[in-house]
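# Coordinates in review
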Amino acid sequence: MMPYRGRFAPSPTGPLHAGSLVAALASWLDAKAHHGQWWVRIEDTDGPRCPPGTDALILQQLAQCHLHPDAPVQWQSRRTHLYQAALDQLQRGGHIYPCTCSRKDIAAALTAQGWAAQRHAAAPYPGTCRHQPPATSQLAQGPHAWRFCVPSGVWHWHDRCMGAQSQDLALRVGDVVLRRADGVWAYQLAVVVDDAEQGITHVVRGQDLADNTPRQMALQQALGLATPIYMHTPLVLGADGEKLSKQNGAQALDTHDPLACLQAAATVLGLSAHPGPVAEALEYWVQQWSMVHSAGGSDQQAP
Ligand code: GLU
Ligand code: ZN
């Protein structure tokens, strides 16, 4: 049995807000309840979206809330050699292909396939460059993305919070970009490589990320990596009923009152809002969520 290791993996696009603290606290509590380690990883592959200093601000906010990582913090922007090695491995295995599609090309292909333009429901990648590989001359003309061929069929997995889940990855999502044409490493590849390389056994994160799980499981399978156990925790909603974000009024956490911040986060997680010793919160956590100890949960099933 692998010892429990969890993580909190914020993207430093802005300071922590009430919603991101819930994910941080949930992952911390779960690690402590399992007598495990809690690591922090800064997901800053998309440099232009990460204002300088935001990483330091997030780390300061976590420290003010007394959420201290059990290992040195890691930055994805310093680990790109690992993503390149994984991409090379996928290429050798025939799992990826170059894609020259622009957004416009994809929209046109979807329309041709009869997809009505919908603002909210993300349409799957139509598979253009999988079926008709770009000519060598076209690839030589400029940079291109790399896409991962997702396997067909329905993925089934168990989420510790949400229960039985399933997704037809090919139908709903289509082939996933792993490296963008501008050279930015995609979240899906970086997160899979890092969770494995760091020996993460349990992933606890917000429910907005739940439907990324089959993409990540498919990549783990193609790379021969273990699949962690997943748990997706409730979200804090903004006034418009959407996930709390900068766009709908998420305020940066005021960590001058860390107890108030932590209590609000604990309430979202269904923990008692009464101030009490950490030991009590952990006990309550253990009672609330069934504890699954072994990594690579046995009821996870690839198509
Ligand atoms: N970096 C992602 C985010 O902030 C979370 C990644 C993860 O927990 O898998 O939304
Ligand atoms: Zn393409």
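Every chain is numbered independently, its residues counted from 1 as its sequence is written. Chains and ligands are labelled sequentially in the order written, the chains with letters from A and the ligands with numbers from 1. Where local features are concerned, this predicted model is filtered to residues with pLDDT of at least 70; where side-chain atom pairs are given and counted, the filter is 80 or more; whole-chain, interface and lining totals use all residues. Side-chain metrics in this entry use all non-hydrogen atoms of the structure; hydrogen atoms and water are not considered.

On to the coordination of the zinc ion (ligand 2), then. Coordination angles at a metal have ideal targets, namely 109.5 degrees for four tetrahedral donors and 90 or 180 degrees for six octahedral donors. Around the zinc ion (ligand 2), the protein supplies Cys 99 (SG), Cys 101 (SG), Tyr 125 (OH) and Cys 129 (SG) as donor atoms, at distances of 2.1 to 2.7 Å. Donor atoms (N, O, S) are those found within 2.8 Å of the metal centre, with the cutoff raised to 3.2 Å for Na, K and Ca; water is not part of the atom list, so apparent gaps in a site can occur. Donor angles set the geometry label: tetrahedral for four donors if every angle is between 85 and 135 degrees, square planar for four and octahedral for six if opposite donors exceed 155 degrees and the others are between 65 and 115, irregular for anything else. Considering all four donor atoms around the zinc ion (ligand 2), angles at the metal cover 81 to 129° and the coordination shape is irregular. When the donor residues of the zinc ion (ligand 2) are listed from N- to C-terminus, their spacing reads C-x1-C-x23-Y-x3-C. Highlighted residues: Cys 99 in strand S4 (residues 96-99) and Cys 129 in helix H5 (residues 128-131), separated in sequence by 30 residues. Neither residue differs from the other here; Cys 99 and Cys 129 are each classed as buried. Secondary structure elements are taken from DSSP: a helix is a run of H or I of four residues or more, a strand is a run of E of two residues or more, and numbering for both begins at the N terminus. Three exposure classes are used, based on accessible area relative to the maximum for each residue type with a 1.4 Å probe and protein chains only: buried under 20%, partly exposed in between, and exposed over 50%.

Let us look at helix H8 (residues 187-197). Burial analysis of H8 places eight of its eleven residues in the buried class, which makes it a mostly covered element. All of the buried residues in H8 are Gln 188, Leu 189, Ala 190, Val 191, Val 192, Val 193, Asp 194 and Asp 195. Every residue pair with non-hydrogen atoms within 4.5 Å of one another is taken to be in contact. On its buried face, H8 sits against strand S1 (5-8), strand S2 (37-42), helix H3 (80-92), strand S8 (176-179), strand S9 (202-206) and helix H9 (213-223).

Strand pairing is defined by DSSP finding a minimum of two bridges between the two strands. With parallel pairing, the three strands of this open sheet are ordered in space as S1-S2-S3. Bordering the open sheet on either side are S1 and strand S3 (74-75), each of which pairs with just one other strand. Where S1 and S2 come together, four bridges link them in parallel fashion. Each bridged residue has a counterpart across the sheet, and for Arg 7 the counterpart in S2 is Trp 39. In this analysis an axis means a line fitted to C-alpha atoms, helices contributing only their contacting stretch, and an angle means the value between N-to-C directions, from 0 to 180 degrees. Contacts from helix H2 (residues 54-64) reach S1, S2 and S3, with the element oriented near 155° to S2.

Let us look at H3. For H3, spanning 13 residues, the distance from its first C-alpha to its last is 18 Å, which sits close to the expected 18 Å at 1.5 Å a residue. Those residues of H3 not exposed but buried are Tyr 83, Ala 86, Leu 87 and Leu 90. Mapping the buried residues of H3 onto a view down its axis gives an arc of 100°, with all of them on the same face. Turned more than 90 degrees off the buried face of H3, the exposed positions are His 81 and Arg 92. On the buried face of H3, the contacting elements are S4, strand S5 (145-148), S8, H8 and H9. Gly 94 sits one or two positions beyond H3 and adopts a positive phi of about 70°. To estimate how far a helix should extend, the number of its residues minus one is multiplied by 1.5 Å. This arc describes the spread of directions from the helix axis toward the C-beta atoms.

Our next topic: the packing of aromatic side chains. The description of an aromatic ring pair rests on the distance of the ring centres and on the angle between the ring planes. A pair of aromatic rings is counted whenever rings of Phe, Tyr or Trp (Trp by its six-membered ring) have centres within 6.5 Å, and the orientation is called stacked for planes under 30 degrees apart, edge-to-face for over 60 and tilted otherwise. In the structure shown here, the tally under the stated rule is one aromatic pair. Cation placement over rings: the criterion is NZ of Lys or CZ of Arg within 6 Å of the ring centroid and within 35° of the ring normal. When the ring centre of Trp 185 is taken as reference, the NZ or CZ atom of Arg 179 above it lies at 5.4 Å.

Time to look at the nonpolar core. Definition of nonpolar core: a set of buried residues of the types Ala, Val, Leu, Ile, Met, Phe, Trp, Tyr and Cys, connected through side-chain atoms within 4.5 Å. Grouped together as the largest cluster of nonpolar side chains are 33 residues, with contacts concentrated most on Leu 21, Leu 25, Leu 62 and Leu 67. Counting residues per element, the ones that place at least two in this core are helix H1 (18-33), S2, H2, helix H10 (258-268) and helix H11 (278-288). Element by element, the count of residues in this core is highest for H1, at ten residues. Apart from residues no more than four positions distant in its own chain, Leu 25 is found in contact with Leu 67, Leu 262, Ala 265, Ala 266 and Leu 269.

Read across the open sheet, the three strands follow the order S4-S5-S8; overall the sheet is antiparallel. Of all strands in the sheet, those bounded by a partner on one side alone are S4 and S8. For this sheet, the mean angle separating the axes of adjacent strands, direction not counted, is 45°. With four bridges connecting them, S4 and S5 associate as antiparallel partners. Bridging from a neighbouring strand, Tyr 97 pairs with Arg 147 of S5.

Interpretation note: all reported values are geometric properties and have no functional meaning in isolation.
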